[in-house]
Amino acid sequence: MSVSPTFVYGLTGLFLFVVGLGGLISCPQLLRKILAVNIMVSGVFLFLVTIGYGHGVIIDPVPHAMVLTGIVVSVSGTAVALALACRVHETFNMSDLLKRRTRSNDR
Amino acid sequence: MVVSAFDIILCLTLVWLAWHVLTSQDLFKAVVLFISFGLLMALSWVRLQAPDVALAEAAIGSGLTGALFLSALRRMTSHRRGERRLDCDEVREDEGQ
Amino acid sequence: MRCVKMKGSEASGKRRHISLLSLLSLVMLAGLSAALAWAFLTPGPDPLGLAHRVDAALAESGVESRVTAVLLNYRAYDTLLECFVLFLGVAIVWSLQPSRPVRQEPRVDPVLSSLVRLLVPLMVLVGGYLLWAGSSQAGGAFQAGAILGAAGVLLILTSSRLLSTMPKGLLAWGICLGLFFFLAVAVGAVALGGNFLEYRRSSATMIIIALEVVAAFSIGLSLAVFFGGSRPEEPSERTAAGRPPHGEGEEP
């Protein structure tokens, strides 16, 4: 039995999505959350293009075009999220917040 | 295309890199790993015969996104050393109790 | 995940609670991945529905590249909305950040500046090539825009005040240009008796090339502005912007 590339890359896309979701849930830093969302997005793109690949005979260009649009949209979203995160850091000083919270838990 | 060892190693490396982006202690290291993750994604687009996506991913997905992350990281860390505003001290007091 | 576990080991009081939480999320994620994998591996209908239709209509799309045909002809809606997303992103980034430029060292690494002098013309050339190649092979407005944006990022790295000294109107109009041109084409198609964003077959090639050039310019400019961040200053704001960054006067 030969493994098809659709299988390998599709499963990789799924795992990237799940790993990114886990990071989004569990990591406390905002920057890391944005990285996690980017990894999730990469997983979705990989999955889409893999579906368009099919059996490698006729390659569907529509998922490619969707992913191209999606890459530009995701970089816009990342830029907005990073601007928000920087603003939050400047206003609330998140690192101190985290330190305080863990210290108060120690007591 | 038949799946070669290259594809399997590429996929495993992608998942491994994603895991380390999310778990490495140093944020700078995480961002650099994310940039290399984007470059490997571009490689996998080429393997899936999507050269258009590969070009865009190499330029935007790893290059520009990485630059955005690095500049944001720099702004956050440089602010930590700098002065603080008054209102955030109040918030910190509330949060600390 | 390890992040949570680290936090848990620091906070001894809540350690058990947090590890329970991380265990729960791990179980949830494992369930999710199992469900997704099951859905992926279950044989469904053949997903290759659109490739044949794209190929069949390629002759009347005006370009030879299938991806470009999809992006700028069949599904030009997507690209129009994407230009709108970029415009929104720039608006949000500008409104979130102070117009005061980020404090930066005034001197620039000589290696960087000479590298930029070498690279930027080359990148503009590569961007133009990708734009031109986009009608028949891999390449197109997005890739060209990305390369132009990267060139803009390099320029911003060498002179940090490049964006803030540019006239604000020029920058804003440059970013909106792609969106407005797209909308003009769409409305023009309606005015000429077609559907929204429907091109005549005879003029499709010219329209697509013009759209690509304008969209690449706008995309590149928007991406560079994302990196540059701070909004260009109004002349009145510039005097009232508070203390200037040290070692750097408020030169015009």
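A quick note: this is a predicted structure, and the numbers were derived from the prediction, not measured.

Any details on the overall build of chain C? Residues and values, ideally.
Scanning chain C for helices and strands turns up 11 helices and 0 strands. Helices and strands appear in chain C in the N-to-C order α-α-α-α-α-α-α-α-α-α-α. Counting all 252 residues of chain C, 33% fall into the buried class. Within chain C, counting contacts between residues at least 6 apart in sequence, those at least 24 apart form 74% of the total.

Can you break down the overall build of chain A residue by residue, with the values?
When you go through chain A residue by residue, the secondary structure sums to 4 helices and 0 strands. Moving toward the C terminus, one meets the helices and strands of chain A in the order α-α-α-α. Within the span of chain A, comprising 107 residues, buried residues form 57% of the whole. Within chain A, contacts between residues at least 6 apart in sequence are counted, and of these 50% link residues at least 24 apart.

Describe the environment of Ala 144 of chain C, naming the residues involved and giving the relevant values.
All names here are of chain C. Here Ala 144 shows up in helix H7 (residues 141-158). Between the C-alpha atom of Ala 144 and that of Gly 134, which follows or precedes it by 10 residues, the distance is 9.0 Å. If sequence neighbours within four positions are ignored, Ala 144 has contacts with Gly 127, Leu 130, Leu 131 and Ala 216.

Can you tell me about the interface of chain B and chain A, naming the residues and giving the values?
With 43 residues of chain B in contact, the opposing surface of chain A contributes 49 residues. Those elements giving two or more residues to the side of chain B that touches chain A turn out to be helix H1 (5-23), helix H2 (27-47), helix H3 (51-81) and helix H4 (86-96) of chain B. Tallying contributions element by element places H3 of chain B first for the side of chain B that touches chain A, with 16 residues. Taken together, the residues of the side of chain B that touches chain A sort by class into 29 nonpolar, 6 polar and 8 charged.

Provide a residue-level description of unusual backbone geometry, including the pertinent values.
Residue and element names in this part refer to chain B. Look at Gln 49: it is not a glycine, yet its phi comes out positive at around 55 degrees. Considering the arrangement of structural elements, one finds Gln 49 in the loop between H2 and H3. Under the C-beta neighbour-count criterion, Gln 49 is labelled partly exposed, with 16 such atoms within 10 Å.

Talk me through the packing of helix H5 (residues 76-96) of chain C against helix H10 (residues 204-228) of chain C; I want residue IDs and the actual numbers.
All names here are of chain C. For the pair H5 and H10, the least separation of the axes is 10 Å and the interaxial angle reads 25 degrees. The angle between the axes of H5 and H10 places the two elements in the roughly parallel class. The hand of the H5/H10 crossing is left-handed. Contact residues: Thr 79, Cys 83, Leu 86, Gly 89, Val 90 and Val 93 in H5; Ala 215, Ser 218, Ile 219, Ser 222, Val 225 and Phe 226 in H10. Broken down by class, the residue content of the contact of H5 with H10 amounts to 8 nonpolar, 4 polar and no charged.

If you had to explain the nonpolar core to someone new, which residues and values would you point to?
By size, the foremost hydrophobic cluster in this structure holds 111 residues, and its most contacted members are Val 49 of chain A together with Val 21 and Leu 64 of chain B. Look past the residues within four positions of Leu 64 of chain B in its chain and what remains in contact with it is Val 75 of chain A, Ala 59 of chain B together with Ala 146, Gly 149, Ala 150, Val 153 and Leu 223 of chain C.

Hey, could you go over the environment of Gly 22 of chain A for me, with residue numbers and the actual values?
All names here are of chain A. Looking at the element boundaries, Gly 22 is found in helix H1 (residues 5-26). Taking the C-beta count within 10 Å as the criterion, Gly 22 has 28 such neighbours and is therefore assigned buried. Through-space distance from the C-alpha of Gly 22 to that of Ala 79 is 22 Å; in sequence the pair is 57 residues apart.

Pulling in residues and values, what's your account of H2 of chain B?
Residues and elements named next belong to chain B. Between its first and last C-alpha, H2 extends 30 Å over 21 residues, near the 30 Å set by a 1.5 Å rise per residue. Turning to H2, its buried residues are Ala 30, Val 31, Leu 33, Phe 34, Phe 37, Gly 38, Met 41, Ala 42, Ser 44 and Trp 45. Directly after H2, the chain includes Gln 49, whose backbone phi takes a positive value near 55 degrees.

Now, about the interface of chain B and chain C: what can you tell me, with residues and values included?
Counting residues at the interface gives 14 residues for chain B, matched by 18 residues for chain C. Going through the elements one at a time, H1 and H3 of chain B are the ones with two or more residues in the side of chain B that touches chain C. The element that contributes the greatest number of residues to the side of chain B that touches chain C is H3 of chain B, accounting for 12 residues. When its residues are assigned to classes, the side of chain B that touches chain C shows 9 nonpolar, 3 polar and 2 charged.

Give a detailed account of the packing of H7 of chain C against H10 of chain C, specifying residues and quantitative values.
All names here are of chain C. With their axes 7 Å apart at the nearest point, H7 and H10 run at an angle of 35 degrees to one another. The chirality of how H7 crosses H10 is right-handed. In contact with Ala 141, Phe 142, Ala 144, Gly 145, Ala 146, Leu 148, Gly 149, Gly 152, Val 153 and Ile 156 of H7, H10 contributes Glu 212, Ala 215, Ala 216, Ile 219, Gly 220, Leu 221, Leu 223, Ala 224, Phe 227 and Gly 228. Classifying every residue of the contact of H7 with H10 gives 14 nonpolar, 5 polar and 1 charged.

An account of helix H9 (residues 168-191) of chain C is requested, with residue identities and associated values reported.
Residue and element names in this part refer to chain C. The terminal C-alpha atoms of H9, which comprises 24 residues, lie 33 Å apart, in line with the 34 Å expected from a rise of 1.5 Å per residue. For H9, every residue scored as buried is listed here: Leu 171, Ile 175, Gly 178, Leu 179 and Phe 182. Where H9 is buried, its residues meet H5 and H10. Where H9 terminates, the next one or two residues include Gly 193, which has phi positive at roughly 95 degrees.

Requested: an account of the environment of Leu 223 of chain C, with residues and values cited.
Within the fold, Leu 223 of chain C resides in helix H10. As for Leu 223 of chain C and Val 153 of chain C, which are separated by 70 residues in sequence, their C-alpha atoms are 8.2 Å apart.

Could you give an account of the confidence of the model for chain C, with specific residues and numbers?
When the pLDDT values of chain C are averaged, the result is 78; 76% of them are 70 or greater. Confidence metrics for the complex model read pTM 0.82 and ipTM 0.82.

Describe the confidence of the model for chain A, naming the residues involved and giving the relevant values.
In the predicted model, chain A carries a mean pLDDT of 83, and the fraction of residues at 70 or more is 84%. Mean pLDDT in chain A bottoms out at helix H4 (residues 94-106) of chain A, which sits at 53, and peaks at helix H2 (residues 30-53) of chain A, which reaches 92.

Reading the values: rules and limits
- Residues numbered from 1 in each chain as written.
- Chains lettered and ligands numbered in written order.
- Predicted model: local features only at pLDDT ≥ 70, side-chain atom pairs only at ≥ 80, totals over all residues.
- Helix = DSSP H or I, 4+ residues; strand = E, 2+ residues; numbered from the N terminus.
- Buried ≥ 20, exposed ≤ 12 C-beta atoms within 10 Å, placed from the backbone.
- Contact = placed C-beta atoms within 7 Å.
- Nonpolar A, V, L, I, M, F, W, Y, C, P; charged D, E, K, R; others polar.
- Axes fitted to C-alpha atoms, helices over the stretch in contact; angles between N-to-C directions.
- Parallel < 35°, antiparallel > 145°, perpendicular 65-115°, else oblique.
- Left-handed = near helix turned anticlockwise from the far one by under 90°.
- Core = buried A, V, L, I, M, F, W, Y, C linked by C-beta atoms within 7 Å.
- Expected span 1.5 Å × (residues − 1).
- pLDDT = per-residue confidence, 0-100.

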